[in-house]
Amino acid sequence: MKTLTLEQQQARIRNINSAETGNRQYYRRHRIRDYLPGQAIYNLGDYPAPYRIEPTEYDYNLLKSMAENGVQLIQIHEEWNDSVRHLGADKYSTFDPEGLRHFVDLCHYFGIKIIPYISSGYFHQFDPDFREEFTQSQRSCVGMHFHYRRCSAGSAHWRNYVLPRTFAVLDKYGFDGIYNDWGMDSGYTVKGALERPGIGAYDPEIEDFLGVIYTEVKKRGGIYKLHCDYNNAPPCIDRIYDYLWIGECMKELTIGVGKDYKEYVVPCQDKQRLVITDPDYYFASVIPFLQFPLLTTCGRPLMGKRVEEDMVYYGRDGSEFKFNQRVGEYMKAHPNGPYVYSLWSSIPDDVEEYPRWSRYLSLYRPMVEENSLAYIELRDCADILSPIPDNVYASMFVNEHKYLVVSNLSDRDYELKLQNRWEDRTDHRISDSFVIKPGKILFLLEA
C-alpha cells in the first residue's frame, strides 16, 4: 500500500470529489487495479535455427535498462519452445531448459515478470501427436516452418491434450503466467455464433475453454494475456483475460479501437503493415483510451537465419517467410545494425523507439497508479471550457493528483482553454490555455 501524507490524503479527497461532480459526460469510467502498463516483446533467437537461451552479458545489460525504464512484463514467443520438433523438444517444452530457467531467473532478479507464448488452438498438423479429433474444420494458419490447424474448443480430445500441457509449462519453468495466441475453432465458429446483447456473436465453447485456462492461471497467481487476431476481442461475456493484445496485421489505424473491450488493452503497431510517419501520433491515438503500446524493439536482434536446409517450409509464399528473407538480406549489408527485433518491426527498427517509448511511459505511469480513477473520452467536463471536437480526445486520471491528457487528432491546431491553471508535464509551463498541434498529445497536471 502506498502511504500518503495528510496533505496528500486531503488532495486525493478533493480531486475525487471534483472529478465525480465535474466530469458530466464521458465514454467510460474505470478504477485502476492490477495494471502493468510497461510491457514488451523480448526476442530470444531465430528459431528454427539452433541457438542458446542461456542469458548473456547483453541480456543482463538490456534487462537492467528495461527495468530502469519501467518495463514490468515481457512476453517471449515461440522461439522458447520447439513447435515443429526440430531441436529435440516439442511445443510445450524447451530445447534449452537450463538456459530458459536462468533467463527467467534473470528477469525476476530485475523485477520483470515473464510470460511465454502458448496457444489454446494452433497445433502443427504434422506433429506426431496431432489428431483430426482435435478439430472441427480444415481452418489453418500457414507460415514459414509450420502448418497450424485450428483446434476446437468444443473437442474433448483437444481439451484433454492441451490443458495439462499448458499448465505444466507454468509449473515447470517458473513463468509468471502465459500469453495465449488463441487460434481456436469451435462448433459455433463453423456453424454460426449465438447472439447476445452487447457483444453480438457469442461462443459458449470458446468462453468456457478460455475461462478454464484463465481460472487455472489465476490460481497460480499468474498473468493471462490473450490475442484473438487483428483488432478482435473474444466472443465471450465472462472475463477471461487480464490483457488483450490487438493490432497485429492491421494496415490502417482506427482511433479508439478496443475502447469498448474489457480492460486492459495492449495495442501493438505492426510496423510491417501500419506505417505512421509521425511516431508521436501512435501514442496520441491510444493513451487517452487507457492503452499503452507494446514495446517491440527490445530483445536479441533477428539475424535472418531462420531457414534451415533440412526443414520443410510450408509458407514460402507467405509474408513471414518473405520478411525473414528481407531481414537476412538487410543483416548481410548491415552486420553492425541498426537491427530488427520482432515480426512486428520495420527493417530496420527505429533506434529512437525505445527511448521514445520510455519517455511516454514515464508520463503515463503516475496517472495509472493502483486505485486511480480514469474518465475516458470526456465530452462535458467542468475543467475544460473550450468545446471538445469529435477528433480531439481528452481523458482525466485522478489520484492524489489530477491529470489530463488531450490528443489532437485533427488536421488543425486545437486551443484548449481550462477553468484553472495546469502545468504542461513536458516543459513545465503553467497556464490556463494550451495550443495542441495536429497529431500531438498534451500531458497536464493541475497546478
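Before reading further, recall that the structure is shown in the block above.
Residues numbered from 1 in each chain as written. Predicted model: local features only at pLDDT ≥ 70, side-chain atom pairs only at ≥ 80, totals over all residues. Heavy atoms only, no water.

Within this structure, the stated rule accounts for 2 cavities of 30 Å³ or more. Of the voids in this model, the largest cavity is the one considered here, and its volume is about 150 Å³. Lining the largest cavity are 19 residues, with Asn-231, Leu-253, Thr-254, Val-257 and Tyr-282 positioned closest to its centre. Tallying contributions element by element places helix α7 (residues 279-286) first for the lining of the largest cavity, with 3 residues. Each residue belonging to the lining of the largest cavity can be placed in one class, and the counts come to 10 nonpolar, 7 polar and 2 charged. Considered as a void within the structure, the second largest cavity measures approximately 80 Å³ in volume. A class-by-class count of the residues in the lining of the second largest cavity yields 6 nonpolar, 2 polar and 3 charged. (1 Å grid on protein atoms, 1.4 Å probe; cavity = no way out; pocket = protein on both sides within 12 Å on 5 of 7 lines; lining within 4 Å. Points joined across faces, edges and corners; volume = space filled by probe spheres on them. Helix = DSSP H or I, 4+ residues; strand = E, 2+ residues; numbered from the N terminus. Nonpolar A, V, L, I, M, F, W, Y, C, P; charged D, E, K, R; others polar.)

Our next topic: a nonpolar patch on the surface. Taken together, the side chains of Phe-126, Val-142, Val-312 and Tyr-314 make up a nonpolar region of the molecular surface, amounting to roughly 350 Å² of accessible area. Under the relative-accessibility criterion, Val-142 is labelled partly exposed at 39%. (Patch = residues over 30% accessible without salt bridge, like charges linked within 9 Å, V, L, I, M, F, W, Y side chains within 5 Å. Areas by Shrake-Rupley, 256 points an atom, 1.4 Å probe, with all protein chains shown as cover. Salt bridge = Lys/Arg side-chain N within 4 Å of Asp/Glu carboxyl O. Buried < 20%, exposed > 50% of the residue type's maximum accessible area, 1.4 Å probe, protein only.)

What follows covers the layout of surface pockets. Taken as a whole, the largest pocket encloses approximately 920 Å³ of empty space. Taken together, 41 residues line the largest pocket, and the ones lying closest to its centre are Phe-146, Glu-248, Glu-320, Leu-343 and Trp-344. For the lining of the largest pocket, the elements supplying multiple residues, two or more each, are β6 (140-143), β7 (146-150), β8 (177-181) and α8 (319-333). Residues that form the lining of the largest pocket fall into these classes: 18 nonpolar, 12 polar and 11 charged. Of the voids in this model, the second largest pocket is the one considered here, and its volume is about 490 Å³. Residue lining of the second largest pocket: 23 residues in total, with Asn-232, Ala-233, Pro-234, Pro-235 and Cys-236 positioned closest to the centre. Among the residues making up the lining of the second largest pocket, the classes are represented as 14 nonpolar, 3 polar and 6 charged.

Turning to the sheet that holds strand β5 (residues 122-124), a few remarks are in order. Judged by pairing direction, the sheet is antiparallel, and its 3 strands sit side by side in the order β5-β7-β6 without closing on themselves. Both outer strands of the open sheet, β5 and β6, are each paired with one neighbouring strand and no more. Strand-to-strand twist across the sheet, computed as the mean angle between neighbouring axes with direction ignored, equals 30°. Bridge count for β6 against β7 is 4 bridges, and the pairing is antiparallel. Note on β7: the bridge partner recorded for Cys-141 is Tyr-148. (Pairing = 2+ DSSP bridges. Axes fitted to C-alpha atoms, helices over the stretch in contact; angles between N-to-C directions.)

Right, let's talk about the sheet that holds strand β1 (residues 23-31) for a bit. Spatial strand order, β1-β14-β15-β16-β19-β17-β18: 7 strands in an open sheet with antiparallel pairing. On the outer flanks of this sheet lie β1 and β18 (430-436), each paired with one strand and no other. Across this sheet, the average inter-strand angle for adjacent strands is 25°, counted without regard to direction.

Taken by themselves, the reported measurements are silent on function.
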